[in-house]
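# Observations on the three-dimensional arrangement
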Amino acid sequence: MESSDVELDLQRSVQAVLRELSAQGPALQSNQGMWRWSLHKKVERDPSKSPTLVRILLRELEKAEGEDFRHVIIPLLHTLMYVLTKATGIPEELYQRTYAFCTRLLTLPAPYCTVALDCAIRLKTEMTVPGTLYQRLVIAEQNLESELYPYQESALLLELEAAQEQQTPEACMRHIVAHALEAALGQACWAGALQKKLQNSPRHALVRYFHAVVTAVEQTACEPNPNREGLLEQLEEIYRSVLGPVAASRGRCGGDHVQERPPSIPLPSPYITFHLWTDKEQLWKELVLFLRPRSQLRLSVDLEALDLQGLAPDRRLARVSVLSTDSGIERDLPTGTDELPDAPSPELERVGLQRKGGIKKRAWPPYILMPSSWDGPPGLHRRTGWPSGDGELLPGVSRLHTARVLVLGDDRMLGRLAQAYHSLRKRDTQKFCLTPRLSLQLYYIPVMAPKKLVAPMNSELGELAAFLGCADPWYERTVNTLCPAIHKLAEMPPNLGTSRTVDPFILDVITYYVRMGTQPIYFQIYTVKILFSDQSQDPTEDIFLTELKVKIQDSKFPKDGSTPRRRGVAEGPGAELSICYQKDLLSHRTREVTLSLRATELVLKTLPANDTEVPGSTHCPPTAAHVTDRTCLNVSVTEVVKSSNLAGRSFSTVTNNFRTANIQIQSQDQRLLTLLLDKDSQRTFRDVVRLEVTPCPEPCSGAQKSKAPWPGLQKEVERTTAKPKPLQMPINTFSGIIQ
């Protein structure tokens, strides 16, 4: 194909992506996302098209910047960076133009400046040391061992049962060596002969080439002033050792092979494990298995006995310095002791008393502490998903592991994910700090029931998916369109002759989402405290993420334990409720409101209403105006209004809406309440008389009880304690919230 024909074909594909982004009406969901996928497939089949595609994308980005078409900037920039990560032979001039474009975006508001900064950092590294992005991505995703780049990633895909074709470690090493040499040597590299030689190399030689390439690239990337000429000399030496002096010199001098199409170097799909979510503790167990190195896996068959500390109840995590009762004097352990003593020894008993400060050091058993090499060299970790919102780092501990959790399902599945996330954070405060030791990234792919396929994103169970699609148009076009493809895969009859594999389009979109979806949107988790009518039943506490629905039961209180019915209250639909909430004022102050009314139903939603949203629009001003304040509940009360006329008494209903941060609801008559959390029938509470909803606090940020030396100062000390931060669950998107 001529160069003009290639450019025209790629230009048509790019224009199709732009038309899809600018469409004002709902398009066919079966076609959405296909243009981006086909565009990348064209370059993957013929890598020589990569410079042409980069030039076209960069031209469209500069045009969008000049005409202020901001809604296409982030999608095109992600598409461009995805091509640059895999491609070789891109002219330096295109890298410079792309880097200059990203620096100009830094003057724009978030999320444009945030995405541009991330891209600029990666471009700077790639311009200095070609092939670094590809090498680090493959090493981390495939969990290849490397001392200079020890970072590892794992993707857990929940609620999907399938098999995936994985690349072997040897194949990934071949790809890394070939890509690094081609990116550095350019036209001087005999790509075809190099890949054939690597294919026929024994494993020990391949491992030697791999470590030599990684060492050369990473050491150069870590230097304050990288010496690119020195890196080129090292890679040329590796190139000669692979091909031999004669073949290497032939490739440098040129020949017929230069006219051949360069063979494609694939970017292996990340290592993804598929799980059906059947256990509440499954997320915790999978993260534990991923975090702990195999050499230190001292797990019993029962993972419940694990708890990542392996200690008996009498050997819980202790503090080395133990507060004494004799005026603040502490018994100090010998200097340099980092392990818990098995038993009080005479040497420890004879240690003198010494006045210490108020700092207490937490000691971990040696087999729980991560190896010192895990701290890793500074500045190597890719800034993916930062800030991740998964806890503060422990002093001296680097998060070398990234766990990417993909959840397939509807709003009910997200409610269970919120439960697991809250349990994970709460468990950290009690036993072992897991989340500060790894970067936890959460991703969501909406999948509705087949009967909802007519309008899956507008259904009752897809409210959060619709919110994400409204906040991030590229998420709407790329991820929200996977539902029909996934259902088509599920309806395919199983082939007994071959193993069942994921559709290439689905796997490619999942891979693209995991790699490029680095901007989180945070959702507030709410706590509900529930009091039952049965006095013998203890009050319970649960959490929800999207919705809490309150319905009136037909049953009543038992007469012996019922509240006396007020005189003058007529029987009718619903129940008499007492509602107490804090009303948000325009001055950002709160005013407590208490009211009594008869209602048939209450719905508490955590997502802002989007009734005025224009379907298919690329931006949603009404929703975006409230999207930054997701710590407010949108309460809808169906109130019963009594009226009298000549025909007698009649009842009608009217819906009242208001917003609040917390609310208390109590039944005033004999009617009982039923609660439904996150639209999940398995999370239903019956025979409820009172409930209280508040933002769920961060388990790690609870104010500690302070002891005042004098009783008179106790109240003052309590007033100065820090207010706990609200717990918010992040879900990664491509751009975050576009205002």
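Being a predicted model, the structure only gives us computed values, none of them experimental.

Turning our eyes to something else, we now look at the overall build of the protein. Within the protein, the secondary structure is distributed over 21 helices and 17 strands. Across the 739 residues in the protein, those meeting the buried criterion constitute 49%. Contacts in the protein between residues far apart in sequence, at least 24 positions, make up 77% of those at least 6 positions apart. Carbon and sulfur atoms provide 52% of the accessible area of the protein, an area that totals close to 36600 Å².

Our next topic: the sheet that holds strand 5 (residues 401-409). Here we have four strands laid out as an open sheet, ordered 2-1-5-6, and parallel in their pairing. Each edge of the open sheet carries a strand with a single partner, namely strand 2 (272-275) and strand 6 (438-446). For this sheet, the mean angle separating the axes of adjacent strands, direction not counted, is 20°. Sheet analysis places strand 1 (residues 152-158) next to strand 2, joined by four bridges and oriented parallel. Note that in strand 2 the partner of Ala 155 across the bridge is Ile 272. Seen against the sheet, helix 13 (residues 282-291) touches strand 1, strand 2, strand 5 and strand 6 and runs at an angle of roughly 150° to strand 5.

Our next topic: the side chain of Gln 519. In this fold, Gln 519 is placed in strand 7 (residues 519-524). Since its relative accessible area comes to 9%, Gln 519 is described here as buried. Among the polar contacts made by the side chain of Gln 519, one reaches the side chain of Thr 518 at a distance of 3.1 Å. Here Gln 519 is in contact with Thr 114, Val 115, Ile 731, Asn 732, Thr 733, Phe 734, Ser 735 and Gly 736, once residues within four sequence places are set aside.

Right, let's talk about a nonpolar patch on the surface for a bit. On the surface, Leu 106, Leu 117 and Ile 121 cluster together to form a nonpolar patch covering roughly 220 Å² of accessible area. Along the polypeptide, Leu 117 turns up in helix 6 (residues 112-128).

So, on to the pattern of salt bridges. For the structure shown, the criterion picks out 29 salt bridges. Of the charged contacts, one joins Arg 104 and Glu 65 as a salt bridge, the two residues approaching to 3.0 Å between their closest N and O atoms. Here the residue Arg 104 occupies a position in helix 5 (residues 92-105), and Glu 65 occupies one in helix 3 (residues 50-67), the gap between them amounting to 39 residues. What makes Arg 104 partly exposed here is its relative accessible area of 37%. What you see here is one network of salt bridges that share partners, running through Asp 411, Glu 463, Glu 547, Lys 605 and Lys 679.

Further remarks concern helix 10 (residues 203-222). Three or four residues apart is the spacing at which side chains of an α-helix point the same way, because the helix has 3.6 residues per turn. Here helix 10 is 20 residues long and its end C-alpha atoms lie 28 Å apart, about the 28 Å a rise of 1.5 Å per residue gives. Packed against the buried residues of helix 10 are helix 7 (132-142), helix 8 (169-185), helix 9 (191-200) and helix 11 (228-243).

Another point: unusual backbone geometry. Only a minority of non-glycine residues have a phi that is not negative, and only a minority of peptide bonds are not trans. Residue Pro 111 is reached from Ala 110 by a cis peptide bond, and omega for that bond is 10°. Inspection of the secondary structure assignment puts Pro 111 in the loop between helix 5 and helix 6. Here the phi dihedral of Asp 68 falls at roughly 60°; this positive angle occurs in a residue that is not glycine. Tracing the backbone through its elements, the reader meets Asp 68 in the loop between helix 3 and helix 4 (73-86). For Asp 687, which is not a glycine, the phi torsion comes out positive at approximately 60°. Mapped onto the elements of the fold, Asp 687 is located in strand 16 (residues 684-695). Taking the relative accessible area as the measure of exposure, Asp 687 reaches 31% and is therefore partly exposed.

Two numbers describe how helix 4 lies on helix 6: the axes approach to 11 Å, and their chain directions differ by 15°. The angle between helix 4 and helix 6 falls in the class roughly parallel. Here the hand of the crossing between helix 4 and helix 6 comes out left-handed. Contacts between helix 4 and helix 6 pair Ile 74, Leu 77, His 78, Met 81, Leu 84 and Thr 85 from the former with Tyr 112, Val 115, Ala 116, Cys 119, Arg 122 and Leu 123 from the latter.

Let's shift gears to the packing of aromatic side chains. Here the structure, examined in full by the defined rule, presents ten aromatic pairs. Seen in terms of ring centroids, Trp 37 and Phe 505 are 5.4 Å apart; in terms of plane orientation they differ by 85°. Their pairing is edge-to-face. Highlighted residues: Trp 37 in helix 2 (residues 34-45) and Phe 505 in helix 19 (residues 504-516), separated in sequence by 468 residues. Accessibility classification places Trp 37 together with Phe 505 in one group, the buried group. When the centroid spacing of 5.5 Å and the interplanar angle of 35° are considered together, the rings of Tyr 512 and Phe 734 count as tilted. Within this pair, whereas Tyr 512 is found in helix 19, its partner Phe 734 is found in the segment after strand 17 (728-733), the two being separated by 222 residues in sequence.

For the protein, per-residue confidence averages 75 on the pLDDT scale, and 67% of positions sit at 70 or higher. Averaged pLDDT values over the elements of the protein bottom out at 37 in helix 20 (residues 621-627) and peak at 95 in helix 5. Note on residues 611-629: pLDDT is under 50 here. Beyond four places in sequence and across chains, it has 30 contacts. Predicted confidence for residues 715-720 stays below pLDDT 50, and this span has two contacts to residues more than four positions away or in other chains.

Note on placement: Ser 269 falls in the loop between helix 12 (245-253) and strand 2. Sequence separation between Ser 269 and Thr 511 is 242 residues; the distance between their C-alpha atoms is 6.5 Å.

Turning our eyes to something else, we now look at the environment of Thr 694. Mapped onto the secondary structure, Thr 694 falls in strand 16. For Thr 694, a relative accessible area of 22% gives the class partly exposed. A sequence separation of 62 residues divides Thr 694 from Cys 632, and the C-alpha atoms of the two residues are 9.8 Å apart.

Moving on, we come to the environment of Ala 216. Examined against the element boundaries, Ala 216 turns out to sit in helix 10. It is 9.2 Å that separates the C-alpha atoms of Ala 216 and Leu 232, two residues lying 16 residues apart in sequence. In contact with Ala 216, not counting residues within four places along its chain, are Leu 231, Gln 234 and Leu 235.

Our next topic: the packing of helix 8 against helix 10. How two helices pack is summed up by the angle between their axes together with the distance between the axes. Running from N to C, helix 8 and helix 10 cross one another at 45°; their axes reach a closest spacing of 9 Å. When the interaxial angle is binned, helix 8 and helix 10 end up oblique. As for the relative orientation of helix 8 and helix 10, their crossing is left-handed in sense. Along the contact surface, helix 8 presents Glu 170, Met 173, Arg 174, Ile 176, Val 177 and Ala 180, while helix 10 presents Arg 203, Leu 206, Val 207, Tyr 209, Phe 210 and Val 213.

In this structure, Glu 126 sits in helix 6. At 8.1 Å, Arg 228 is the nearest oppositely charged side chain to Glu 126, a buried residue that forms no salt bridge. A polar contact of 3.1 Å, which involves the side chain of Glu 126, links it to the backbone nitrogen of Leu 133. With near-sequence residues (within four places) excluded, Glu 126 lies in contact with Tyr 95, Gly 131, Thr 132 and Leu 133.

Criteria and thresholds
- Residues numbered from 1 in each chain as written.
- Predicted model: local features only at pLDDT ≥ 70, side-chain atom pairs only at ≥ 80, totals over all residues.
- Heavy atoms only, no water.
- Helix = DSSP H or I, 4+ residues; strand = E, 2+ residues; numbered from the N terminus.
- Buried < 20%, exposed > 50% of the residue type's maximum accessible area, 1.4 Å probe, protein only.
- Contact = heavy atoms within 4.5 Å.
- Areas by Shrake-Rupley, 256 points an atom, 1.4 Å probe, with all protein chains shown as cover.
- Pairing = 2+ DSSP bridges.
- Axes fitted to C-alpha atoms, helices over the stretch in contact; angles between N-to-C directions.
- Polar contact = N/O pair within 3.5 Å; in protein donor to acceptor, adjacent residues only side chain to side chain.
- Patch = residues over 30% accessible without salt bridge, like charges linked within 9 Å, V, L, I, M, F, W, Y side chains within 5 Å.
- Salt bridge = Lys/Arg side-chain N within 4 Å of Asp/Glu carboxyl O.
- Expected span 1.5 Å × (residues − 1).
- Parallel < 35°, antiparallel > 145°, perpendicular 65-115°, else oblique.
- Left-handed = near helix turned anticlockwise from the far one by under 90°.
- Phe/Tyr/Trp six-rings, centres within 6.5 Å; stacked < 30°, edge-to-face > 60°.
- pLDDT = per-residue confidence, 0-100.
- Lys, Arg positive; Asp, Glu negative; His and termini not counted.

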